[in-house]
Amino acid sequence: QVQLVESGGGLVQAGGSLRLSCAVSSSISSFNNLGWYRQAPGNQRELVATISSGGRTDFADSVRGRFTISRDNAKNTVYLQMNSLKPEDTAVYYCNGDRWDSRDGAEYEYWGQGTQVTVSS
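Residues numbered from 1 in each chain as written. Predicted model: local features only at pLDDT ≥ 70, side-chain atom pairs only at ≥ 80, totals over all residues. Heavy atoms only, no water.

Novice: Account for the state of the cysteines, naming residues and giving values.
Specialist: Counting across every chain of the model gives one disulfide. Linked covalently through their sulfurs, Cys-22 and Cys-95 form a disulfide whose S-S length is 2.0 Å. When the S-S torsion is -90 degrees, as for the bridge of Cys-22 with Cys-95, the disulfide is left-handed. Placement of Cys-22 in strand β3 (residues 18-24) and of Cys-95 in strand β9 (residues 91-100) is noted, with a sequence separation of 73 residues between them. Here Cys-22 falls in the buried class, since its relative accessible area comes to 0%. Its relative accessible area of 0% is what places Cys-95 among the buried residues. (Disulfide = S-S within 2.5 Å. Helix = DSSP H or I, 4+ residues; strand = E, 2+ residues; numbered from the N terminus. Buried < 20%, exposed > 50% of the residue type's maximum accessible area, 1.4 Å probe, protein only.)

Structural data, given as structure tokens:
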């Protein structure tokens, strides 16, 4: 079973930076998409950024220009570089990936456990 483990969250002042890492237990080259989502208390989980197997990236309007998503296939790791952080970026950040299962032909979605990011004003 595929596992995704996030790290790098913490407390940072507004205007600061953090880099989140998502370590995947299998080859990330086999994933159709990888990405980051976030959820604040009482809110729905929302898309932050995604990267496709072909390298195409998409960002939420609220983070475009401040956040960068990247991947290292050799390390099976996805990164989220967060710059110019704002208090409204405070949330639990989750790593996500989807891929086809070779045995049953179904597409499965996988989630990490989440890492807390807190931005103080």
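Moving on from the coordinates now.
Novice: Report on the sheet that holds β3, specifying residues and quantitative values.
Specialist: Within the open sheet, the four strands sit side by side as β1-β3-β8-β7. Their pairing is antiparallel. The sheet is open, and its two edges are formed by β1 (4-7) and β7 (67-72), each paired on a single side. Within the sheet, the average angular offset between the axes of one strand and its neighbour, ignoring direction, is 15 degrees. Across six bridges, β3 lies against strand β8 (residues 77-82) in antiparallel orientation. Residue pairing in the sheet places Ala-23 in a bridge with Thr-77 of β8. (Pairing = 2+ DSSP bridges. Axes fitted to C-alpha atoms, helices over the stretch in contact; angles between N-to-C directions.)

Novice: Outline the pattern of salt bridges, supporting the account with residue identities and numerical values.
Specialist: Inspection of the entire model under this criterion finds six salt bridges. For the salt bridge of Asp-89 with Arg-66, the shortest nitrogen-to-oxygen distance reads 2.8 Å. Of this pair, Asp-89 sits in the loop between β8 and β9 while Arg-66 sits in the loop between β6 (57-59) and β7; the two residues are 23 residues apart in sequence, bridging distant segments of the chain. With a relative accessible area of 1%, Asp-89 lands in the buried category. Its relative accessible area of 12% is what places Arg-66 among the buried residues. Where Lys-75 meets Asp-72, a salt bridge forms, and the shortest distance between an N and an O atom there is 3.8 Å. (Salt bridge = Lys/Arg side-chain N within 4 Å of Asp/Glu carboxyl O.)

Novice: Account for the environment of Val-24, naming residues and giving values.
Specialist: Following the sequence through the fold, Val-24 ends up in strand β3. Put simply, Val-24 and Asn-96 are 72 residues apart on the chain and 9.8 Å apart in space, counted from C-alpha to C-alpha.

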